[in-house]
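Residue strings, one per chain:
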Amino acid sequence: MIHIPKAEYSRRRKALMAQMEPNSIAILPAAAVAIRNRDVEHVYRQDSDFQYLSGFPEPQAVIVLMPGREHGEYVLFCRERNAERELWDGLRAGQEGAIRDYGADDAFPITDIDDILPGLIEGRDRVYSAMGSNPEFDRHLMDWINVIRSKAHLGAQPPNEFVALDHLLHDMRLYKSAAEVKVMREAARISAQAHIRAMQASRAGLYEYSLEAELDYEFRKGGAKMPAYGSIVAAGRNSCILHYQQNDALLRDGDLVLIDAGCEIDCYASDITRTWPVNGKFSAEQKAIYELVLAAQEAAFAEIAPNKHWNQAHEATVRVITTGLVKLGLLHGEVDELIASEAYKAFYMHRAGHWLGMDVHDVGEYKVGGEWRVLEVGMALTVEPGIYIAPDNQNVAKKWRGIGVRIEDDVVVTKSGCEILTGGVPKTVAEIEALMAQARTRAA
Ligand code: GLY
Ligand code: MN
Ligand code: MN
């Protein structure tokens, strides 16, 4: 199984601590267990920031980083070993495991945090935390600070600066290391295989969930614990609903099906969309829209390279799509004016992509100092133009209505341009039709 090596977590902690102000402390909680209903929990997913700095997979844990501390810079609070609980719920690292397997300099039971943490904070000037994102943890933090304040008359020194950790940490997360790209390639490879399987299985008379089952099969077989986000399997007019999640409608002959799905490997997401005809053959209108979206995507790839800015790829998709919609008679007027007035938004209402990483819509600023961010080697993003013709759009001929097409791939910026991580899924009309025809012949 491909995963982030332990040494990389240590490098990340060191890199973060090198950027923190002297005499400061960073405190991050693990994700809480989410209850699904009554005694049933959601599958546990570690908080991305916590995972990024520790690789520690358990809930009820807190990372404490104290640059320059003589007795160890990295302290982990975590659950104690407990034979009875482990019998029911599975093994725990415990404090020994936190040190031995996860590189902590010191580890304490999470139940002792109220007694120990105020002493670690005391005398440090600055506290870094993800303020505002976890109100319960913010309250705990203030309780610990108040413990120190209450001892001020004894000479205790509470910190006087509280800083959001996000800026430093999220900028680090934006640049993917070689090890991260390797994991993302693996997630992309498995997701590509899942889309191929769904294409091969596609038949009128099945349901959207039938294809979702094919995706899930490949995800799990590839070792992914879960999809990186709720899979979108949208047939016919449902393809015009951008974040469609019901996935329970019938696949009908003559309709397209749009699948936006990707798995997660070691907490790294992949995010692929393909759109294909349920019956394996594009109609003339479906093909025209499909090829326009594909041309827009190709134009976007050409705008992804170091020194190009974030918005150039999006602008390229807007130009290609607007020009194409005019040619097809779906928009009327001058291309430049239609772009300026955003007339294309009736058909293309989202952006061409987003940062991709541990979160599918990953962290990282899109603008710096008011300007679009300039792309640099190691940044990972999606490229996902689409055209959606609303089923009730009275301004276009009936034959176009209800067609929704999105094509989405994942890329990493390289020295000379970008590497497409998800290139393993057929994408041209000819490739898709050939794959689907082959699957039908084999099944017959
Ligand atoms: N799957 C959500 C997105 O493409 O952004
Ligand atoms: Mn996406
Ligand atoms: Mn997507």
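Above: the structure in question.
Keep in mind the model is a prediction, meaning the values are calculated, not measured.

### Some thoughts on the coordination of the manganese ion (ligand 2)
Stage number 1. Only Asp271 (OD), His354 (NE2), Glu384 (OE) and Glu408 (OE) from the protein reach the manganese ion (ligand 2) as donors, at distances of 2.0 to 2.2 Å.
Stage number 2. Coordination at the manganese ion (ligand 2) is irregular, judged from the six donor atoms that bind it and the angles of 50 to 156 degrees they form at the metal.
Stage number 3. Ordering the donors of the manganese ion (ligand 2) by residue number gives the pattern D-x82-H-x29-E-x23-E.
Stage number 4. In this structure, the manganese ion (ligand 2) is positioned 3.2 Å from the manganese ion (ligand 3), and both are ligated by Asp271. Placement of the pair is Asp271 in the loop between strand S13 (268–269) and strand S14 (272–277) and His354 in the loop between helix H12 (335–340) and strand S15 (367–368), with a sequence separation of 83 residues. Of the two residues examined, Asp271 and His354, each falls in the buried class.

### Regarding the pattern of salt bridges
Stage number 1. For the structure shown, the criterion picks out 28 salt bridges.
Stage number 2. The partner of Arg11 in a salt bridge is Glu8, with the nearest N and O atoms 3.2 Å apart. In this pair, Arg11 and Glu8 are both assigned in helix H1 (residues 6–19), three residues apart and thus about one turn of the helix distant.
Stage number 3. Across the pair Arg85 and Asp89 runs a salt bridge whose closest N-O atoms are separated by 2.9 Å. One end of the pair is Arg85 and the other is Asp89, both in helix H3 (residues 83–89) and four residues apart, which spans about a single turn.
Stage number 4. Each of Asp49, Arg173, Lys176, Asp359 and Asp362 takes part in a single network of salt bridges with overlapping partners.

### As for the sheet that holds strand S21 (residues 418–420)
Stage number 1. The strand order across the open sheet built from three strands is S17-S20-S21, with neighbouring strands paired in antiparallel fashion. At either margin of the open sheet sits one strand with a lone partner, and together these are strand S17 (380–383) and S21. Here the average twist between neighbouring strands, direction ignored, is 35 degrees.
Stage number 2. Across three bridges, the pairing between strand S20 (residues 409–413) and S21 is antiparallel. Across the sheet, residue Val413 finds its bridge partner in S21, namely Cys418.

### Quick notes on the pairing of strand S11 (residues 256–261)
Stage number 1. Counting buried positions along S11 gives six out of six residues, so the element sits mostly inside the fold.
Stage number 2. By the alternation rule, side chains of S11 split into Leu256, Leu258 and Asp260 and Val257, Ile259 and Ala261, which are all buried.
Stage number 3. The sheet contact formed by strand S10 (residues 232–235) and S11 spans four bridges and is antiparallel. Across the sheet, the residue bridging to Val233 is Ile259, located in S11.
Stage number 4. Here S11 pairs with S14 via six bridges, running antiparallel. Along S14, the bridge assignment pairs Leu258 with Thr275.

Rules and cut-offs
- Residue numbers restart at each chain and count upward from 1, following the sequence in its written direction.
- Chain labels run from A onward and ligand labels from 1 onward, assigned in the order the entries are written.
- Selection of residues for local features in this predicted model requires a pLDDT of at least 70, selection of side-chain atom pairs for listing and counting requires 80 or more, and totals for whole chains, interfaces and linings are taken over all residues.
- To get the side-chain values, take all heavy atoms of the structure and skip hydrogens and water.
- Note: metal donors comprise N, O and S atoms at 2.8 Å or less from the metal (3.2 Å for Na, K and Ca); water molecules are not included, so apparent gaps in a site are possible.
- Site shape is set this way: if four donors have all angles between 85 and 135 degrees, tetrahedral; if opposite donors are over 155 degrees apart and all others between 65 and 115, square planar for four donors and octahedral for six; otherwise irregular.
- A run of H or I in DSSP becomes a helix once it reaches four residues, and a run of E becomes a strand once it reaches two; helices and strands are each numbered from the N terminus.
- Only protein chains enter the accessibility calculation, which uses a 1.4 Å probe; a residue whose area is less than 20% of its type maximum is buried, one above 50% is exposed, and one in between is partly exposed.
- Within this document, salt bridges are pairs made up of a side-chain nitrogen of Lys or Arg and a carboxyl oxygen of Asp or Glu, the two lying within 4 Å of each other.
- Two strands form a pair only when DSSP identifies at least two bridges running between them.
- Lines fitted to C-alpha atoms define the axes, with helix axes restricted to the stretch in contact, and inter-axis angles between N-to-C directions lie between 0 and 180 degrees.

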